[in-house]
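# A look at the structure
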Amino acid sequence: MRLEIREFRVPIVLTAMMLGVIIYWTWQTWHRLDDHNIGRAEHEAFQTSDILASALCAIDGSLGRNEIERRFRTILHATPYEFFMLIRNGRTVFQTGKAPAELPSSFDEPAFLLDGIFIFSRNIRLPQTMSEKRLKNPEDESLGRGAIEGDYLLVLGRDTRQDHMPIPKFIEHIIVPFVAILLLLGANGAAWMMVLRNRALFNQLEIERTRSAHLEDLGLAAAGLAHETKNPLGIISGIAQQVARDPLVPEKSRDMLETIVDEIDKSVSRLGLFMTFARQRKLKAAPVDAQQLIQGVAGILAPEFDAAGVDLSIECPALTLTADEEMFRQILVNLILNSLTASSRGDTVTVRLQRTGSHGTMDVADQGCGISEELLPRIFKPYVTGNPNGHGLGLSIVKRFAEDHGWSINAESKQGEGTVISISGISIHAGDDE
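Remember, it's a predicted structure, so these values are computed and weren't measured experimentally.

What follows covers the sheet that holds strand β4 (residues 117–126). Read across the open sheet, the five strands follow the order β2-β1-β5-β4-β3; overall the sheet is antiparallel. The strands lining the two open edges of the sheet, one partner per strand, are β2 (91–96) and β3 (111–114). In this sheet, adjacent strand axes meet at a mean angle of 25 degrees when their direction is disregarded. Pairing of β3 with β4 involves four bridges; the strand directions are antiparallel. From the neighbouring strand, L113 faces β4, where its bridge partner is F118. The strands that helix α2 (residues 65–77) touches are β1 (83–88), β2 and β5 (150–159); relative to β2, the one it contacts most, it runs at about 65 degrees.

Below is the structure:
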């Protein structure tokens, strides 16, 4: 069965569109979660800045700068932030922690990312009561009395490059919906495949039904033609025999008439085989005593084996098969006669039937000339034979009858060593226990 690529255009396009939607949704969801994380970080930063602003208001003028830095480091240590800056008029008045060197001179956005560093800025106004307080800095005399009052820019920052979305939230917002949609997409693809396959099978069935009807018509026509041909051949054979019995006919003419009769007999025999091959038969399966049938066929063919000096060996246990008795007998006759034809005086032809579970296997083996490697794959085709005097229909009939039963047939052969024809899958009758 072969499906054209154009039959997949609709599902391929729909699948591609759905996959694009999934990718876009995943990207948007990821960014929404990222924006949500930034918003949450901004909220945390705003709360932290309130704490820092309150701490600035509570600075005691008697504290030294080291003590002030220690207190602010303690506050930062309790938060996720790594540095804190207090800026006035573009100048850093106070700083705790290490800030990145590439900080911008102005902060247009309250929160942003700078190479993975989250930066938050906020304007605060320290009250007038701060005028009596001061930050002690022995190295900068400008930070003296009243230097801390007024408007300032408070800046916080931390490294977010090591931050990861919590696994439960990642699974809830990304993995579970993504997997669910992929499963739906897979189910959609499987449904399309089933629809296309069913349609292809239906078309193939229609083709096979039409072909079978055509072959049946051809078989009936061929069988009718063969039957009609046999009648005039029989008349010709009868006339030739009558003329040959006339004493006035010369001896040479009588020999020619006998040759005509022999050729007519051969033609009639081949027409009979052709009719057997062409005729459509209905299988009539029934219990068959295999041992009795095989021994009966062997008894009928024994005189031909004796005349040829070939031994016929039967190895068959008491088994009851489910088969069409007439077809099975025809299979046996054809296989045994083929083996006899290939054998020489002193050879042995063996018919072996053995049971394997609920099925049986029958082998017909000879020690004859064998079949060439070129001919072996084609021996079950009509009119293919390695025997110059053969007609090439015997094994074709065997194969058809075997396949009508649902059996498998196989041939193994080596030139100069012999041939084995095996039929497997033969049904053992249900009432025949091991």
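Next up on the list: the pairing of strand β11 (residues 408–414). Only one face of β11 is buried, namely the one carrying I409, A411 and S413, since none of S408, N410, E412 and K414 on the opposite face is buried. In the sheet, β11 pairs with strand β12 (residues 418–427) via seven bridges, with the strands oriented antiparallel. Bridge pairing links S408 to S424 in β12. Linkage of β11 to β12, two consecutive antiparallel strands, is achieved through a turn of three residues, within which G416 is found at a positive phi near 85 degrees.

To continue, consider the packing of helix α6 (residues 325–342) against helix α7 (residues 394–405). Look at α6 against α7: their axes get within 9 Å of each other, and the N-to-C directions meet at 145 degrees. Every pair of crossing elements has a handedness; the one defined by α6 and α7 is left-handed. In this structure, α6 contributes M327, Q330, I331, N334, L335 and N338 to the contact, and α7 contributes G394, L395, I397, V398, F401, A402, D404 and H405. Looking at the contact of α6 with α7 residue by residue, the class counts come to eight nonpolar, five polar and one charged.

Another point: α7. Taking 1.5 Å per residue as the helical rise, α7 with its 12 residues ought to reach 16 Å, and the 17 Å between its terminal C-alpha atoms agrees with that figure. Residues of α7 that are buried include every one of G394, L395, S396, I397, V398, F401, A402 and H405, and no others. Where α7 ends, the next residue or the one after it, G406, has phi of about 85 degrees, a positive value.

Next up on the list: the environment of S413. You can see S413 is positioned in strand β11. Remark: the alpha-carbon pair of S413 and Q367, spanning 46 residues in sequence, is separated by 9.8 Å. Here S413 is in contact with G370, I371, L376, G418 and T419, once residues within four sequence places are set aside. A distance of 2.8 Å separates the side chain of S413 from the side chain of T419, its partner in a polar contact.

Once that is clear, we can look at the pairing of β4. Among the 10 residues of β4, seven are classified as buried, and the element is accordingly described as predominantly covered. Remark: two residues form the turn of the hairpin made by β3 and β4, two consecutive strands paired antiparallel; D115 in that turn has positive phi of roughly 55 degrees. As defined by bridge partners, β4 adjoins β5 across 10 bridges and the pair is classed as antiparallel. Following the sheet pairing, I117 is matched in β5 by D159.

Thresholds applied
Residues numbered from 1 in each chain as written. Predicted model: local features only at pLDDT ≥ 70, side-chain atom pairs only at ≥ 80, totals over all residues. Heavy atoms only, no water. Pairing = 2+ DSSP bridges. Helix = DSSP H or I, 4+ residues; strand = E, 2+ residues; numbered from the N terminus. Axes fitted to C-alpha atoms, helices over the stretch in contact; angles between N-to-C directions. Contact = heavy atoms within 4.5 Å. Buried < 20%, exposed > 50% of the residue type's maximum accessible area, 1.4 Å probe, protein only. Left-handed = near helix turned anticlockwise from the far one by under 90°. Nonpolar A, V, L, I, M, F, W, Y, C, P; charged D, E, K, R; others polar. Expected span 1.5 Å × (residues − 1). Polar contact = N/O pair within 3.5 Å; in protein donor to acceptor, adjacent residues only side chain to side chain.

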